[in-house]
Amino acid sequence: MSNPDPISVFRTEAAELLEQIESGLLDLTRSLDDRDRIDAVFRGLHTLKGSGAMFGFDALAAFTHHCETAFDRVRKGDVPATHELVSAVLSAQDHMRALLETPNGDHDAMSATLLDNLHRAVNGGAGAPAPAVAAAAAVSAPAAQAAGGMREWRIRFSLPANAMANGTNPLGLLDEMRDLGECRIVADAAKVPVLAALDPRDIHLAWDVTLRSEKPRSDIEDVFIFVMDDMELEITEIAVEQPAPAPVEAPAAKPAEREAPAAQAVSDSKQAKSAENVRVPAERLDEMMDRVGELVIAQSRLTQLAGTAADLGLRSVSEEIERLSGELRDTMMVLRMMPVASLFSRFRRLVHDLSRETGKEIELVTEGESTEVDKTVIDRLADPLVHLVRNSIDHGLEKPEERIAAGKEPKGKVILSAHQTGGEVIITIKDDGRGINRERVRAKAEASGLIQPGAMLMDQELLQLIFQPGFSTAQTVTNLSGRGVGMDVVKKTVEALRGAIDITSKPGDGSEVSLRIPLTLAIIDGLLVRVGQGCYVIPLSAVEECLELSLEDDLRSRGRSFISLRDSLVPFLRLRELFRTGTEPDPHQKVVVISTGAERVGLVVDQIIGDHQTVIKSMSKLHHDVATFSGATILGDGSVALILDVTHLVAAGQHQEAQLRAAG
Amino acid sequence: MSITLPGDAPLTLPASLTIKNISAVREMILDFMNNNSTAVLDIDEEAQVDLSFVQLVVSARKQAEAGEGRLLLARPAAGDLYDVLKRGGFLDAMTPEAAHFWLHQEKN
């Protein structure tokens, strides 16, 4: 078994730490005097500094030290938390990312600028003291808080197993204890295993400390503030008159509890949380998903063989394997799922920065953050969502004075929400801004030749023009949006994920963009159908119902291509004609009604074969642009079936309906 | 002060003995102990040491004792190693055996 590269592990954990710090800072902007959040940010900065130094990221450690010092001063009440300070540390935190990614880069000039901003923020713009002065001021504060009178403490502690690997230096903690007063420290090695059983990155040592100090208990607890949650800590005050506990003779001996009855013993012991999570590289999950896919295909073949054989034993085994592979597939899917919270969290920072840049007051509301999506979807959706949120803020939301004049709250709202319906996740970006100016969209589209002047367009068609390449209605180009690149890329990205994008907008009330994305990109439940001689898969999540198309109905519908379904007309497409199979229609054709949201369309097929676990394979480069199909799959007999692109087919059906209606 | 070493050559440890490479150091010592009933560790006075290494040596001592082998230091702890022992609370209340092992002090 190979151990992971410690530097690589540190980078990953530091990136997570930076996210936590950012989240804490953004929370702080809402309540600047929130003590818990101030402590959390301070702890994060301290851990980052310590672990950075331990793993040789000296520039990162040195830079982070200044931010930590600033927050230490806030924590101790020397300076107030202000929006300026939070913004300065947020900017500094971006720089920390750069120092993490390119530790040997030339960062000196940027470091100096950011530190100057930081010191101005700490000192209320009254000039920047030297960092050493700030640090000294931070350290001097607690001395004044001594409770008075010499007391004796017994402190026993052990650290979480991964403390050293996470950057905590136990020697630093012991040094801090010594700073509190006269100290006797005895290491306890009883729990250190033999070398063959030792994970050397874990810490198994414990300590027994006798401390004589005038400092209060809170100062002792402060030593452990960064590891308090996961460690075992027992602090016992011993009466001054009492003799110090007997020295620990041997490392193996567990300190006795005999002096406890005379003491005011308050235990702060916290059970170490067991390691419940395992970090697995994403590519291993992808590899495993591929294997599961191959298994599903092999199982499909076995099912087919068993179906044609008279062997009951073989059928029984085949059914068992089908059940097991289905469960394995479901388990594998769950492993790849991540809550969209990880996607949404980054927008808090974006909105914070854009609010400052544009001078607009913005409230970001996130909903449905626990909704889970395939990891690949989350990775690929990040950039499109950034663009959509930027657009909402830049084009949609008005300035405060404009909003007040329109009878709105001065603070604009952007709602980012996610929810699951069937096999899809709907992610919505909604704002309460001015809405899309249709006249401007039309004028721009006409000017750039996207539509003919005066062309009749349905509202949805007009709005969809903003997703055309090179389209932008921004009157001035800003660094937020309005360069005419982006919205077409957003649409392409969403469609590459087999998703669709809808937009609605009401003048004066705001706009809403909805992304409909399949839950997974790897294996889906499909409905296997035959058209002519070929087999095709329709994603089962899109199927509403199946009907028989009698010969009479077929003949009657010629030229109209509509069926009446519970008093509503549903357009349908004859796949045999669409795919030009050149075969005669089956006498008992079927209509599979599919839908995307509110839109429905029927697909006429020759035969419905049944449900099919569909392992999605990408189309070859040659067929990549064929819009009717979103992929292919391998059937049990080794033949290939194409997977229908539901969104495209529904759009084609709706277009056909619109044409027929226009023709009267 | 130095001790009389057995015939076999000591294991010369690298200059960095910290958590960054502690897994590799463990493999090195474990391998050496498996091939030598008396294992002598040569730690340079200038070596960079942290607590993970001291814990590793404590663990190796336990393994040697459990397997009736011997683990020795080629020279008394000095430099970083001594500093870590002191700061880590290994010198207060040190047993005679530990003092002999780490500091080469004679057992009374």
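Please read these numbers as outputs of a predicted model, since none were measured by experiment.

Chemist: When you look at the overall build of chain B in this model, what are you seeing that I'm missing?
Modeler: A tally of helices and strands in chain B yields four helices and five strands. Listed N to C, the secondary structure of chain B is β-β-α-β-β-α-β-α-α in terms of helices and strands. Evaluated residue by residue, chain B yields a buried proportion of 51% over its 108 residues. Contacts spanning at least 24 positions in sequence make up 75% of the contacts within chain B whose residues lie at least 6 apart. Carbon together with sulfur atoms contributes 45% to the accessible area of chain B, which is approximately 5100 Å² in total.

Chemist: What exactly am I supposed to notice about the confidence of the model for chain A here?
Modeler: As a note on interpretation, predicted positions should not be read in detail where pLDDT is low. Taken residue by residue, chain A gives an average pLDDT of 79. The fraction at 70 or more is 84%. Confidence drops under a pLDDT of 50 for residues 126-147 of chain A, and excluding neighbours within four residues, the segment shows 28 contacts in the predicted structure.

Chemist: How should I be thinking about the interface of chain A and chain B in this particular structure?
Modeler: Note on interface size: it is often stated as the accessible area lost on association of the parts. In this assembly, 38 residues from chain A lie in contact with 26 residues from chain B. Interface of chain A and chain B: buried area, both sides summed, is about 2700 Å²; carbon and sulfur atoms make up 62% of it. Together, L171, L195 and P200 of chain A form the three largest contributors to the area buried by chain A at its contact with chain B, with a combined 27%. Applying the counting rule to chain A against chain B returns one salt bridge. Here R87 of chain B makes a salt bridge to D175 of chain A, at a shortest N to O gap of 2.5 Å.

Chemist: What is the right way to look at the packing of helix α7 (residues 170-180) of chain A against helix α3 (residues 79-87) of chain B in this model?
Modeler: To characterise two packed helices, one gives the angle between the axes of the helices and the distance between these axes. Running from N to C, α7 of chain A and α3 of chain B cross one another at 55°; their axes reach a closest spacing of 10 Å. In terms of orientation, α7 of chain A lies oblique with respect to α3 of chain B. In this structure, the crossing between α7 of chain A and α3 of chain B has a hand that is left-handed. Note on element contacts: α3 of chain B touches α7 of chain A through V84, K86 and R87 of chain B, opposite L171, G172, L174, D175 and R178 of chain A. Looking at the contact of α7 of chain A with α3 of chain B residue by residue, the class counts come to three nonpolar, one polar and four charged.

Here is what the cut-offs are and how they apply
Residues numbered from 1 in each chain as written. Chains lettered and ligands numbered in written order. Predicted model: local features only at pLDDT ≥ 70, side-chain atom pairs only at ≥ 80, totals over all residues. Heavy atoms only, no water. Helix = DSSP H or I, 4+ residues; strand = E, 2+ residues; numbered from the N terminus. Buried < 20%, exposed > 50% of the residue type's maximum accessible area, 1.4 Å probe, protein only. Contact = heavy atoms within 4.5 Å. Areas by Shrake-Rupley, 256 points an atom, 1.4 Å probe, with all protein chains shown as cover. pLDDT = per-residue confidence, 0-100. Buried area = accessible area lost by both parts, 1.4 Å probe. Salt bridge = Lys/Arg side-chain N within 4 Å of Asp/Glu carboxyl O. Axes fitted to C-alpha atoms, helices over the stretch in contact; angles between N-to-C directions. Parallel < 35°, antiparallel > 145°, perpendicular 65-115°, else oblique. Left-handed = near helix turned anticlockwise from the far one by under 90°. Nonpolar A, V, L, I, M, F, W, Y, C, P; charged D, E, K, R; others polar.

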